[in-house]
Amino acid sequence: MKSKLKRILKKVPKAARRGFRINSIQSIITLSFSAVTMLAMTMVGIGLYSSFSDNAEVNAASSAQQIMEQATINLENYLEDMMEISDIIRKNMREVTPNSIQNLDNLLSLTLEMRKDIVTVAIYTGNGNVILTNPVYDTDYNYQIHEQEWFKQTISNPDMYLIQPPYVQRLFEGRRPWVVSMSSGLSVEYLGRTETWAAMVDLNFSLIEQLCNRVSLGKRGYIYIVDEYGNIIYHPQQQLLYSGLKQESISEVLEQEQGSFIEDFQGESRISTVKNIQFSNWKMVGISYVDELAENQWDLNNYIMYILIFGIVFVILASIFLSSKISKPIKRLEHQMNRVEQGDFDIENLEVKGEDEVKRLTKAFNLMISRIKQLMEQIVNEQEEKRKSEFKALQAQINPHFLYNTLDSIIWMNENQNHQGVSEMTAALAKFFRISISKGNEIIDVADEIEHVGNYLLIQKIRYKNKFDYSIDVQEQAYGYRTLKLILQPIVENAIYHGINKIQEKGEINIRAVVENDHLLFSVTDNGYGIKPERLKEIFKREPTNKRTSGVGLKNVHERIQLSYGSGFGVDIESIIEVGTTVNIRIPLIKLQKGENNE
Amino acid sequence: MSRIYRIALLVLTIIIVLSLFGCAKNDLSNSEEKYSIKVIVKNRSHAFWSVVQMGAETAAREFNIDLVFDGPENEEDIDGQIQLVEDAIAIDSDAIVLAASDYVRLVPVAEKAIASGIPVIVIDSTIESDKMDSFVGTDNMDAGKKVGESLIDKVGTECTIAVISFVKGAASATQRETGFAETVSDYPGVEVIETVYCNSDELLAQQLTKDIVQDNPQIDAIVCLNAYSTAGAARGIDELGLAGEIIIIGFDSTPLEITFLEKGVIQSLIVQNPFNMGYLGVKYALDSINNKKIPKNVNTGSEVIDIDNMYLPENQKLLFPFTE
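Predicted model only: the values in this text are computed from it and were never measured.

## Describing the overall build of chain A
Thought 1: The number of helices and strands found in chain A is 14 helices and 18 strands.
Thought 2: A burial count over chain A gives 45% of its 599 residues as buried.

Shown next as structure tokens:
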């Protein structure tokens, strides 16, 4: 497991190096494509986000205003209803008789039966005497109506509808409900006089509460009502405000005309929306919390984020796919070209597929490779041909000259009655040619090559009237191999013509054949004149000429060996002037095949 | 080449999965546990404790709490209250709000609750322990002093008075007595002839009042240190037809006391803020559950109310809790 991991880890940077080479077409396409798209998407995302978020607060404020619009209308309708009750009282009390009071009382009983939000309706004379209360309880005589501020105001301003902030009603003994009170003056005919009386409608908070609670301003948002003096009319947590456990930013609201404002309230950012209520000095205040908006905002952020992430992921995948599709055939081409670069022309034609450009490129590449192959084959063939014709020319060069000399010697021996010599020489000549031809084979047994050079030496020794001696030492093991034919004869010929021939004393030619490690070594040693070092250097470079000069045979042998077996083999020469020359020929070990042994 | 795809895919998958996790985590955080808080008061039925209950319920509504409001039938039933606390420990309430009937005897059970990891907020009347999380209530020494000041204001510096306290040994009683005694000690003309205990029994207070007045016809005023003694004294004086002649300085603002105040039987009331005790008791209990820092001692305050100032807007709000 660990080693597997290690292997993968090792591969990663390699793969990364291969995969994310900045200069590769694939990575250029992937990176640029991804970068451009990401940039575009990010900009779109930012644009969307900012346009949404710019709108969010404005939207929230305006939606709060719309929501509250309805609540405002409902509350105004409610107040209108209450004023209507006052109007009914006014209408019915224009002329006060016991009958009219009774009628009104009945009417009010009916109304109060239906409306649970009305706590008490009461009518007072200008002196504060009770004319009527509905419902009726034990009057609390400690409560002096005519001393109350609202009563004085109502009597002095009878056309007004006076709405009082919440207070504890004290009309009846033992009953202390919290009420909102609306009072209005009435002009009555009573006992022949016109008087100003006061009507009072006390409301509990049930309907106002309902109106305000029906409105939804988010999970925590709420509505409260405050009058122009900052008295709380209604608040969902009224007692907490009364107890001082909660505060509201009433002074800010009072400064505000209609509309919304954002405030930092007790460490929280919230939107207050203020609406004025007709028929009263009330203001309805809607509170909504910005962090609830922010929650929505956060949802929106996430949404945009996910779209962006998915978009970017998609784009990256798509661009990786696309770029690989584009670059794959190019890479394949590159791979093939690398092989060609390393000299491997034996590759199949590439499949022609992909985009037009790549197709054309592939076709051109295929065409080029096949053309190169063709040309190379042609060159190889030509070279082969050339070599063969050269070889033949060389062979053709040697033979007539040698034949002429040999035949000359035979004639000469015949004239001297040397019949023994004639027959020896003729036999040797015959053998010599037999091996030279050897059915046209290029490769012959080592024994044949040795016999061939032995015949040649025999002929030459007779011709040169024993001017030299020769010896042939062949390691037994060497007979087990084969060799390129006619490689020793040109060397020996060279040794005789250019070595032995140039000295006065008797020459010595020694031929050896041994197996050395991985190759067969022939060496031809003579004690002739030797080759001058400057000539030695030039032997293998010289262009063959028609003129027979020393070294032509050497070069020929060397080239043939190298052509056949490669540059690891061939001829080398050690020569010391007036001491002699040793020519070493190295060829690979070619095992003798059975059946060919004794041909 | 395909390896690179795999690596790229892996990286992208990780990014997506991580971002989804981030989203999911955000969604989960909204759900909240509903805590259960038990409020144990001195007795269930009295008007004073009803207002405490209103406050507690207001807080429970606001903070989404499972509220259990309980108390013994009468304030002397200290064993009953101890049992209620034991019950709360047994059902593993998340917090206990306790108005202790006895300064000493509630200590072991309250400390047991605290030891078992249940926060205890004491309201109104404290216990002899500094282990509880918070005390929310009237500064009773201060309230006692206000009683004394009001007495001097209504009766003068030369007078003969009696004190009707409630339960001997209850912390609030002792502290109010001490506060009152401290103020009165500045006025040598004030003679306290007797301090009696009504054991938070209105009838007993009524009887005690009659006895005191009969034994001490020269008496100028009766000082009452809680709602029971005040109401009993007021009934007694009213029955004797001595309203206005024998001054009553009382405590708290039950409807009955307010009626007697309006009728002139009671001249002055020291009004506490039971709504705030209930509300803040529960609120701090919740804060304590949530390991928020809460004040060790919260004074909910007291006001001196008489016939002249009782209907001032700010005092209306104190005397008549706004029922929703």
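## Some thoughts on the overall build of chain B
Thought 1: Helix and strand content of chain B: eleven helices and twelve strands.
Thought 2: Relative to its 324 residues, chain B shows a buried fraction of 56%.
Thought 3: For chain B, the share of sequence-separated contacts (at least 6 apart) that also reach a separation of at least 24 residues comes to 73%.
Thought 4: Surface exposure of chain B reaches about 13700 Å², of which carbon and sulfur atoms provide 51%.

## Focus: the sheet that holds strand β11 (residues 297-299) of chain B
Residue and element names in this part refer to chain B.
Thought 1: Sheet architecture is open: six strands sit in the order β2-β1-β3-β4-β5-β11, paired in parallel fashion. Since the sheet does not close on itself, it has two edges, and those belong to β2 (66-70) and β11, each with one partner. Each strand of the sheet is rotated relative to its neighbour by a mean of 15 degrees, with strand direction disregarded.
Thought 2: In this sheet, β2 lies alongside strand β1 (residues 36-40) in parallel orientation, the contact comprising five bridges. Across the sheet, the residue bridging to Lys-38 is Val-68, located in β2.
Thought 3: Of the strands in this sheet, β1, β2 and β4 (120-123) touch helix α2 (residues 47-63), which is tilted by about 170 degrees from β2.
Thought 4: On the sheet, helix α3 (residues 78-90) packs against β1, β2 and β3 (95-98) and is oriented at approximately 175 degrees with respect to β1.

## A few points about the sheet that holds strand β8 (residues 221-224) of chain B
All names here are of chain B.
Thought 1: Judged by pairing direction, the sheet is mixed, and its six strands sit side by side in the order β7-β6-β8-β9-β10-β12 without closing on themselves. Looking at strand neighbours, the two that pair on one side only are β7 (190-197) and β12 (303-305), the edges of this open sheet. Across the sheet, the mean angle from the axis of one strand to that of its neighbour is 20 degrees, orientation sign disregarded.
Thought 2: Here three bridges tie β8 to strand β9 (residues 247-251), and the two strands are oriented parallel to one another. Paired with Val-223 across the two strands is Ile-249, which belongs to β9.
Thought 3: Across the sheet, helix α8 (residues 227-240) lies against β6 (159-165), β8, β9 and β10 (268-271), angled at about 155 degrees from β9, the strand it touches most.

## Digging into the state of the cysteines
Residue and element names in this part refer to chain B.
Thought 1: Counted under the stated rule, the structure contains zero disulfides over all chains.
Thought 2: The thiol of Cys-198 is unpaired, and the distance to the nearest cysteine sulfur, on Cys-224, comes to 8.3 Å.
Thought 3: Residue class for Cys-198 comes out buried when judged on its relative accessible area of 0%.
Thought 4: Given the relative accessible area of 0%, Cys-224 is considered buried.

## What to know about the confidence of the model for chain A
Thought 1: Per-residue confidence for chain A gives a mean pLDDT of 82; residues scoring 70 or more make up 88%.
Thought 2: When pLDDT is averaged over each helix and strand of chain A, the minimum, 54, is found for helix α1 (residues 2-19) of chain A and the maximum, 92, for strand β15 (residues 519-526) of chain A.

## Topic: helix α11 (residues 446-463) of chain A
The α-helix advances 3.6 residues per turn, and as a result positions three or four apart in sequence lie on the same side.
All names here are of chain A.
Thought 1: Taking 1.5 Å as the rise per residue, α11 with 18 residues should run 26 Å; its terminal C-alpha atoms sit 26 Å apart, in good agreement.
Thought 2: Judged by how many residues are buried, α11 sits mostly within the fold: 13 of 18 residues are covered.
Thought 3: In the stretch just after α11, Lys-465 is the one whose phi turns positive, near 45 degrees.

## Description of the nonpolar core
Residue and element names in this part refer to chain A.
Thought 1: Residues Ile-89 and Trp-282 are the most contacted members of the largest nonpolar core, which totals 97 residues.
Thought 2: A per-element tally of this core places helix α2 (residues 25-92) first, with ten residues.
Thought 3: With residues near it in sequence (within four places) discarded, Trp-282 still touches Leu-75, Leu-79, Ile-163, Val-180, Ile-208, Ile-225, Val-226, Asp-227, Ile-233, Lys-275, Asn-276 and Ile-277.

## What about unusual backbone geometry?
Thought 1: The omega angle of the peptide bond from A:Asn134 to A:Pro135 is -5 degrees, so this bond is cis rather than trans.
Thought 2: The residue A:Pro135 is located in the loop between β2 (130-134) and α4 (149-156) in this model.
Thought 3: Positioned with a positive phi, A:Gln417 is a non-glycine residue whose angle comes to about 60 degrees.
Thought 4: One can find A:Gln417 in the loop between α9 (356-415) and α10 (419-437).
Thought 5: The backbone phi angle of B:Asn64 is positive, close to 60 degrees, even though this residue is not glycine.

## Focus on the confidence of the model for chain B
Residue and element names in this part refer to chain B.
Thought 1: This prediction gives chain B a mean pLDDT of 88; 91% of its residues lie at or above 70.
Thought 2: When the criterion is pLDDT under 50, residues 24-31 qualifies, and its contacts beyond four places in sequence or with other chains add up to two contacts.
Thought 3: Here the prediction assigns the complex a pTM of 0.61, and the interface score ipTM is 0.78.

## Regarding the pairing of β3(B)
Residues and elements named next belong to chain B.
Thought 1: Neither face of β3 is open: one carries Ala-95 and Val-97, the other Ile-96 and Leu-98, and all of them are buried.
Thought 2: Two elements, β1 and β3, share four bridges in a ladder whose sense is parallel. Pairing of Val-39 across the sheet is with Val-97, part of β3.
Thought 3: For β3 and β4, the ladder comprises three bridges, and the chain directions are parallel. Each bridged residue has a counterpart across the sheet, and for Leu-98 the counterpart in β4 is Val-122.
Thought 4: At this point the chain moves from β3, through helix α4 (residues 107-115), to the parallel β4, and the crossover so formed is right-handed.

## Structural notes on the side chain of A:Asp526
Residues and elements named next belong to chain A.
Thought 1: For Asp-526, the position within the fold is in strand β15.
Thought 2: Despite being buried, Asp-526 has no salt bridge partner; Lys-502 is the closest side chain of opposite charge, sitting 11 Å away.
Thought 3: Polar side-chain contacts of Asp-526 include one of 2.7 Å to the backbone nitrogen of Gly-528.
Thought 4: Setting aside chain neighbours within four positions, we find Asp-526 in contact with Ala-495, Ile-500, Glu-508, Ile-509, Val-579, Gly-580 and Thr-581.

## Focus: the pairing of strand β14 (residues 507-516) of chain A
All names here are of chain A.
Thought 1: Taking burial as the measure, the ten residues of β14 include seven buried ones, the bulk of the element.
Thought 2: Sheet analysis places β14 next to β15, joined by eight bridges and oriented antiparallel. By the bridge assignment for β15, Ile-511 is matched with Val-524.
Thought 3: What sits between β14 and β15 in their antiparallel hairpin is a turn of two residues, with Asn-517 showing a positive phi close to 45 degrees.

## Focus on the pattern of salt bridges
Residue and element names in this part refer to chain A.
Thought 1: Counted under the stated rule, the structure contains 30 salt bridges over all chains.
Thought 2: A salt bridge links Glu-195 to Arg-193; the nearest nitrogen and oxygen atoms lie 3.2 Å apart.
Thought 3: Connected through shared salt-bridge partners, Asp-81, Arg-115 and Asp-117 make up one network.

## Some words on the packing of helix α7 (residues 202-215) of chain B against α8(B)
Residues and elements named next belong to chain B.
Thought 1: Taken N-terminus to C-terminus, the directions of α7 and α8 make an angle of 50 degrees; their axes are 7 Å apart at the nearest point. Between α7 and α8, the angle is such that the two are oblique. Every pair of crossing elements has a handedness; the one defined by α7 and α8 is right-handed. Contacts from Glu-202, Ala-205, Gln-206, Thr-209, Lys-210 and Val-213 in α7 reach Tyr-228, Ser-229, Ala-231, Gly-232, Ala-233, Arg-235, Gly-236, Ile-237, Glu-239 and Leu-240 in α8.
Thought 2: When grouped by side-chain class, the residues that make up the contact of α7 with α8 number seven nonpolar, five polar and four charged.

## Remarks on the environment of A:Asp140
Thought 1: Among the structural elements, A:Asp140 can be located in the loop between β2 and α4.
Thought 2: Overall, the relative accessible area of 4% leaves A:Asp140 in the buried class.
Thought 3: Between the alpha carbons of A:Asp140 and A:Leu171 there is a distance of 5.5 Å; along the sequence they are 31 residues apart.
Thought 4: In contact with A:Asp140, other than residues within four places in its own chain, are A:Arg170, A:Leu171, A:Phe172, A:Glu173, A:Arg176 and B:Glu262.

## Quick word on the packing of aromatic side chains
Thought 1: The final tally for this structure, using the stated rule, is 14 aromatic pairs over all chains.
Thought 2: Relative to A:Phe468, the ring of A:Tyr464 lies with its centre 6.5 Å away and its plane at 55 degrees, an arrangement referred to as tilted. Considered together, A:Tyr464 and A:Phe468 belong to a single accessibility category, that of buried residues.
Thought 3: Arranged with centres 5.8 Å apart and planes meeting at 15 degrees, the rings of B:Tyr311 and B:Phe320 form a pair that is stacked. Each member of the pair, B:Tyr311 as well as B:Phe320, carries the same accessibility label: buried.
Thought 4: Pairwise contacts between aromatic rings join A:Tyr124, A:Trp150 and A:Phe151 into one cluster.
Thought 5: Stacked on the ring of A:Tyr137, the Lys or Arg A:Arg175 has its end atom at 3.5 Å from the ring centre.
Thought 6: The aromatic ring of B:Phe251 is capped on one face by B:Arg176, whose charged end is 4.0 Å from the ring centroid.

Criteria and cut-off values
- Residues numbered from 1 in each chain as written.
- Chains lettered and ligands numbered in written order.
- Predicted model: local features only at pLDDT ≥ 70, side-chain atom pairs only at ≥ 80, totals over all residues.
- Heavy atoms only, no water.
- Helix = DSSP H or I, 4+ residues; strand = E, 2+ residues; numbered from the N terminus.
- Buried < 20%, exposed > 50% of the residue type's maximum accessible area, 1.4 Å probe, protein only.
- Contact = heavy atoms within 4.5 Å.
- Areas by Shrake-Rupley, 256 points an atom, 1.4 Å probe, with all protein chains shown as cover.
- Pairing = 2+ DSSP bridges.
- Axes fitted to C-alpha atoms, helices over the stretch in contact; angles between N-to-C directions.
- Disulfide = S-S within 2.5 Å.
- pLDDT = per-residue confidence, 0-100.
- Expected span 1.5 Å × (residues − 1).
- Core = buried A, V, L, I, M, F, W, Y, C linked by side-chain atoms within 4.5 Å.
- Right-handed = clockwise from strand over helix to strand, strands pointing away.
- Lys, Arg positive; Asp, Glu negative; His and termini not counted.
- Salt bridge = Lys/Arg side-chain N within 4 Å of Asp/Glu carboxyl O.
- Polar contact = N/O pair within 3.5 Å; in protein donor to acceptor, adjacent residues only side chain to side chain.
- Parallel < 35°, antiparallel > 145°, perpendicular 65-115°, else oblique.
- Left-handed = near helix turned anticlockwise from the far one by under 90°.
- Nonpolar A, V, L, I, M, F, W, Y, C, P; charged D, E, K, R; others polar.
- Phe/Tyr/Trp six-rings, centres within 6.5 Å; stacked < 30°, edge-to-face > 60°.
- Lys NZ or Arg CZ within 6 Å of the ring centre and 35° of its normal.

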